[in-house]
Amino acid sequence: MPKGYVAINVERCKGCGFCVEFCPTHVLAMSSAFNSKGYHPPHVVNPEKCTGCDLCGMYCPDFAIYGWKAPESKNGAKSDAAR
Amino acid sequence: MTSQARDPAELGPRPEAEVPAESCDYQPENPVEQFLRTDRMPHIWCPGCGIGTTVNSFARALLEAKLDLDRVAVVSGIGCTGRVAGYVRLDSFHTTHGRAIPFATGLKLANPNLTVVVYSGDGDLFAIGGNHIIHAARRNLDLKVICVNNFVYGMTGGQLAPTTPVGALTTTTPYGCYEPAFNLPALMDAAGAVYVARWTSFHVRQLTRAMVDIFRKKGFCFIEVLTPCPSLFQRKNRMGEGLDAMKYYKEKSKVRHGAPTSEVGLTIDGDIIVGKFVDRERPEFLDLLRSQLAAQLGDRYVEVEHLVCS
Amino acid sequence: MPHADPRGVLTGVHFMDGDHAACEGALAAGARFAAGYPITPSTEIVERFAARIPTVGGVFIQMEDELAASIAIAGAVWAGAKAFTVTSGPGFSLMMEHIGFAVMTETPCVFMNVQRGGPSTGLPTLPAQADMMQARWGSHGDYEIIALSPNSPQECFDLAVRAFNLAEEFRVPVMLMMDEVVGHMTEKVVIPPAEQIEIYPRRHTRLPPGQYKPYAPGPDLVPEMAHAGEGYRFHVTGLTHDERGYPSMNAAAQDRLVKRLKAKITRAADRLACYEEEGTEDADVVVISYGITSRVAQRAVEMARARGVRVGRLRLITVWPFPTRQIRALARRVKALVVPELNLGQIVLEVERAAAGQAETISVPHAGGSVHAPEQILDAIMEVAK
Ligand SMILES: Cc1ncc(C[n+]2csc(CCOP(=O)(O)OP(=O)(O)O)c2C)c(N)n1
Ligand code: SF4
Ligand code: SF4
Ligand code: SF4
């Protein structure tokens, strides 16, 4: 189970690459696909490494990505990230 | 909760899912979202422009400082940075070029219960508005000033700014800038600001912390944030994309809290001294005004908190 | 209409100059914030405000320049205050951008200009009426403002109150166009009890946040206001904007906004028209004047009557919007309109436009520095009466 998650609003992205560069655990990579404005958004390549630290969210100048920490897991135990 | 991130219509041609959805049924909203006029997104800032990044820190600092958001007002001048006022979902004023500070002065004096944030560009605050900012600092009026410094006039297409480093190309210094630039922290220190810091848009956490600091501090507070302007400053000077500027900030920045502000001037390729340079106490303008009038007028002094008319 | 807050009203019979009376008018009208930058011959207004306001409850701040003063008042207004600034000549020139800002953002506020000779530093201590067109057209773009011209200290008081009331009613900057002589002349000023002074209240919205649209006009084309800090989270911009207050930069939005800003004043022009008329019913010649010049004109009219000329006089109290319809009606009845003013011919252009060839229009210019000699005006009257 990953400690955190990241969501991308592809259409807001302008492809600057800040999130990819500064994600401490290299969860993201630039995608080769285009959004409707012609920018390459990032995509998640290593989901299991995401800590939900939200650095990507803090860097994104277009408010197009953010991360969050996993909540308590379904069986009631806390995930690593939420400890 | 945002649905945008998962809206299949928004995924466009991308095949991959953004979120490992099956393993996460909890998805909070992007913390910045509640601070944005989402009906105005996407914003006008260029790809890789650093202004938006500073807004993330601003949003998180507002959350962390637990301010009553109904009582936070943002005042901007004119420029790319000046557009911040139009994008934040707060009482917000997009004034005239250079005059955010005096507008904010009237706003604050008429309602001291407001937290008044001035968010504007280096040209706006220090060229056309230079007179106002030094006087507001001198008075020590309780304003929180966030100055986005991209070394150039962005909105008008890349002209010389009072911060343009010697040697840099701009559209109005086509043979290179020969004017000495302002050292903004030194200027603000000398003028009397009680809090002076410099960060870059690479330093998102430190910038957030500094913003929390100034939301909690009374008096004239000033944060300079260096940001990439890939479209103009960097393009002209062959400095690459926004990301290259961010990496450059990462590489060249040296944190020196308490550094004498006279030593933090910037050059085109030198070290970037960042940190909190000034954090001191001085009597605040309204406190001075009130104590003077109360001392002189005694019972005849009528102190009114909010000058609201009926 | 509600009445004035008695704390600001210095009820009684006073001898004071026009500058001081204008300040008392502002206080009576509820102004609790002023920002200024000293300049002769207007400084006495802010000096008095600085002395008076701490005992009334409010703030005066001397700003670093007139650009600052003229937008600090806008900030105060959006926080809820009634606010004004005061200046003369060069300072008025510096304020122009913020007259436009107040027009565009519909910020109710008052600009007092005690006119002195220009251009440039000109005649700091001597009178002129040469900023009349600047008051109307000085900021860039198309717009409409309201300007009032007092001719006595009493009227400085009365029109200062009216200036604030009109600013609130129309959400527009209102100019109180004084001159050095009126500003510095001392006369009896009667300040009525607060309950006899009517105050136009702030047009504050009753809608809750969420339903409120900051620039949705009412039936009279004027939108309602909210103040910062009340939870409305509204946006104000000098850019062309839509009803939400959001920038909307296209020809259609521009057309809608700029035409409304103009129409909210021009539609009310008849109601705004304010002038004093005497002896015009059977006149061949009418002298049209305003401010201090009207007092000299009155003397000239008396002299002309003594010489058997049928001459009337009309004194403009509201100068902008110009009472075009009323002057046109007058022009149909008379042979000539004589327009003395302390400038080289400004309002006479409006008179000429309004008269539209129905009556001869004669300018009696004066470069400023003193007032006309009555004979100068008399000569003009006698010339056309021949
Ligand atoms: C009185 C006036 N002069 C000039 C301008 C044109 N103008 C708009 S923004 C700007 C410069 C903005 O530079 P800066 O404050 O550094 O902001 P940036 O766009 O770089 O964020 C200028 C000169 C104006 N709007 N108003
Ligand atoms: S939340 Fe942190 S770990 Fe996860 S993608 Fe974003 S930056 Fe990387
Ligand atoms: S930081 Fe934002 S805009 Fe830049 S690539 Fe990542 S998601 Fe796109
Ligand atoms: S011109 Fe420069 S400062 Fe302006 S939005 Fe583009 S990158 Fe940002």
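Above this text sits the structure in question.
Okay, so let's go over this structure. Bear in mind the structure is a predicted one, so any value in this text is a computation, not a measurement.

Section: the overall build of chain B
- Looking only at helices and strands, one finds 10 helices and 8 strands in chain B.
- Over its C-alpha trace chain B gives a radius of gyration of 21 Å, about what one expects of a compact globule, namely 19 Å for 310 residues.
- Seen through its C-alpha atoms, chain B measures out along the principal axes to roughly 75 × 55 × 35 Å.
- Residues counted as buried form 61% of the 310 residues belonging to chain B.
- Restricting to contacts in chain B with at least 6 residues of sequence separation, those with at least 24 account for 67%.
- Summed over its atoms, the accessible surface of chain B is roughly 11,500 Å², and 53% of this surface lies on carbon and sulfur atoms.
- Where the 33 positive side-chain charges of chain B centre and where its 33 negative ones centre are 4 Å apart.

Quick word on the interface of chain B and chain C
- Facing 45 residues of chain B, the contacting portion of chain C comprises 48 residues.
- Interface area for chain B against chain C, summed over the two sides, is near 3,800 Å², with a carbon-plus-sulfur share of 62%.
- Among the residues chain B hides against chain C, the three largest losses belong to His94, Leu307 and Cys309 of chain B. Together they make up 14% of the total.
- Counting across the chain B and chain C interface gives 3 salt bridges.

Here we look at the environment of Leu314 of chain C
All names here are of chain C.
- Relative to the assigned elements, Leu314 resides in strand 13 (residues 311-316).
- The buried category is assigned to Leu314, whose relative accessible area is 3%.
- Distance from Leu314 to Glu64, taken between C-alpha atoms, is 41 Å for residues 250 residues apart in sequence.
- Setting aside residues no more than four positions away along its own chain, Leu314 makes contact with Tyr275, Glu276, Glu277, Val286, Val287, Ile288, Ser289, Ile327 and Leu330.

Quick look at the site of ligand 1
All names here are of chain B.
- Close contacts around ligand 1 come from 17 residues, with Cys80, Thr81, Asp124, Gly154 and Met155 the closest.
- One nitrogen or oxygen atom from the main chain of Cys80 is found 2.7 Å from an oxygen atom belonging to ligand 1.
- Between Met155 and ligand 1, the recorded distance is 2.9 Å, taken from a backbone N or O atom to an oxygen atom.
- When ligand 1 is considered free in solution it has 590 Å² of accessible area, and contact with the protein chains removes 77% of it.
- With 4 residues, helix 4 (residues 122-128) is the single largest residue contributor to the shell around ligand 1.
- By residue class, the composition of the shell around ligand 1 is 6 nonpolar, 8 polar and 3 charged.

As for the pairing of strand 4 (residues 144-149) of chain B
Residue and element names in this part refer to chain B.
- Of all 6 residues in strand 4, 6 are buried, a share of seventy percent or more.
- Here strand 4 shows no split at all, with Lys144, Ile146 and Val148 on one side and Val145, Cys147 and Asn149 on the other all buried.
- In the sheet, strand 3 (residues 115-121) pairs with strand 4 via 5 bridges, with the strands oriented parallel. Each bridged residue has a counterpart across the sheet, and for Gly121 the counterpart in strand 4 is Val148.

Some points on the packing of helix 1 (residues 18-29) of chain C against helix 2 (residues 43-56) of chain C
All names here are of chain C.
- Close contact between helix 1 and helix 2 brings their axes to 8 Å; oriented N to C, the two are set at 35°. By crossing handedness, the relation of helix 1 to helix 2 is classed as right-handed. Residues Asp19, His20, Ala22, Cys23, Glu24 and Leu27 of helix 1 lie in contact with helix 2, whose contacting residues are Glu44, Ile45, Arg48, Phe49, Arg52, Ile53 and Val56.
- In terms of residue class, the contact of helix 1 with helix 2 is made up of 7 nonpolar, 1 polar and 5 charged.

Some details on the environment of Val278 of chain B
Residues and elements named next belong to chain B.
- Here Val278 lies in strand 8 (residues 272-279).
- For the pair Val278 and Arg40, spaced 238 residues apart in the sequence, the C-alpha separation amounts to 36 Å.
- Once you skip the residues sitting within four places of it in the chain, Val278 turns out to touch Asp189, Ala193, Val194, Tyr195, Val196 and Thr261.

Quick word on the interface of chain B and chain A
- Contacts between the two partners involve 51 residues from chain B and, on the opposite side, 40 residues from chain A.
- Roughly 3,700 Å² of surface becomes buried between chain B and chain A when both sides are summed, with 62% attributable to carbon and sulfur atoms.
- Here Arg12 of chain A makes a salt bridge to Glu33 of chain B, at a shortest N to O gap of 2.7 Å.
- Considering every element that reaches the side of chain B that touches chain A, the biggest residue donor is helix 1 (residues 51-65) of chain B, with 6 residues.
- Here the side of chain B that touches chain A is built from residues that sort into 24 nonpolar, 15 polar and 12 charged.

Topic: the pairing of strand 5 (residues 109-117) of chain C
Residue and element names in this part refer to chain C.
- Of all 9 residues making up strand 5, 9 are buried, and the element is well covered by its neighbours.
- For the crossover that starts at strand 4 (residues 83-87), traverses helix 4 (residues 89-105) and ends in the parallel strand 5, the hand is right-handed.
- Alignment of strand 5 against strand 6 (residues 123-127), held across 2 bridges, turns out to be antiparallel. Across the sheet, residue Arg116 finds its bridge partner in strand 6, namely Pro127.

Thoughts on the sheet that holds strand 6 (residues 221-226) of chain B
- In spatial order, the strands read 7(B)-8(B)-5(B)-6(B)-4(B)-3(B)-1(B)-2(B)-10(C); together these 9 strands make up an open sheet with mixed pairing. Edge positions in the sheet fall to strand 7 (253-255) of chain B together with strand 10 (235-237) of chain C, since each of these pairs with one other strand and no more. Pairs of neighbouring strands in the sheet enclose a mean axial angle of 20°, with direction left out of account.

A look at the pattern of salt bridges
- Per the counting criterion, the structure on display carries 48 salt bridges over all chains.
- Across the salt bridge formed by Asp279 of chain B and Lys217 of chain B, the nearest N and O atoms sit 2.8 Å from each other. Pair noted here: Asp279 of chain B is in strand 8 and Lys217 of chain B is in the loop between helix 7 (204-216) and strand 6, with a separation of 62 residues, a long-range link.
- A relative accessible area of 11% places Lys217 of chain B in the buried class.
- In this structure, Asp255 of chain C and Lys259 of chain C form a salt bridge, with 2.8 Å as the shortest nitrogen-oxygen distance. Here the residue Asp255 of chain C and the residue Lys259 of chain C both occupy positions in helix 8 (residues 251-266), the gap between them amounting to 4 residues, near one helical turn.
- What makes Lys259 of chain C exposed here is its relative accessible area of 52%.
- Members of the salt-bridge network, linked through shared partners, are Glu155, Glu276, Glu278, Arg305, Arg313 and Arg315 of chain C.

Thresholds, definitions, all that
- Residues numbered from 1 in each chain as written.
- Chains lettered and ligands numbered in written order.
- Predicted model: local features only at pLDDT ≥ 70, side-chain atom pairs only at ≥ 80, totals over all residues.
- Heavy atoms only, no water.
- Helix = DSSP H or I, 4+ residues; strand = E, 2+ residues; numbered from the N terminus.
- Rg over C-alpha atoms; globule rule 2.2 N^0.38 Å.
- Buried < 20%, exposed > 50% of the residue type's maximum accessible area, 1.4 Å probe, protein only.
- Contact = heavy atoms within 4.5 Å.
- Areas by Shrake-Rupley, 256 points an atom, 1.4 Å probe, with all protein chains shown as cover.
- Lys, Arg positive; Asp, Glu negative; His and termini not counted.
- Charge placed at Lys NZ, Arg CZ, Asp CG, Glu CD.
- Buried area = accessible area lost by both parts, 1.4 Å probe.
- Salt bridge = Lys/Arg side-chain N within 4 Å of Asp/Glu carboxyl O.
- Near = heavy atom within 4 Å.
- Polar contact = N/O pair within 3.5 Å; in protein donor to acceptor, adjacent residues only side chain to side chain.
- Nonpolar A, V, L, I, M, F, W, Y, C, P; charged D, E, K, R; others polar.
- Pairing = 2+ DSSP bridges.
- Axes fitted to C-alpha atoms, helices over the stretch in contact; angles between N-to-C directions.
- Left-handed = near helix turned anticlockwise from the far one by under 90°.
- Right-handed = clockwise from strand over helix to strand, strands pointing away.

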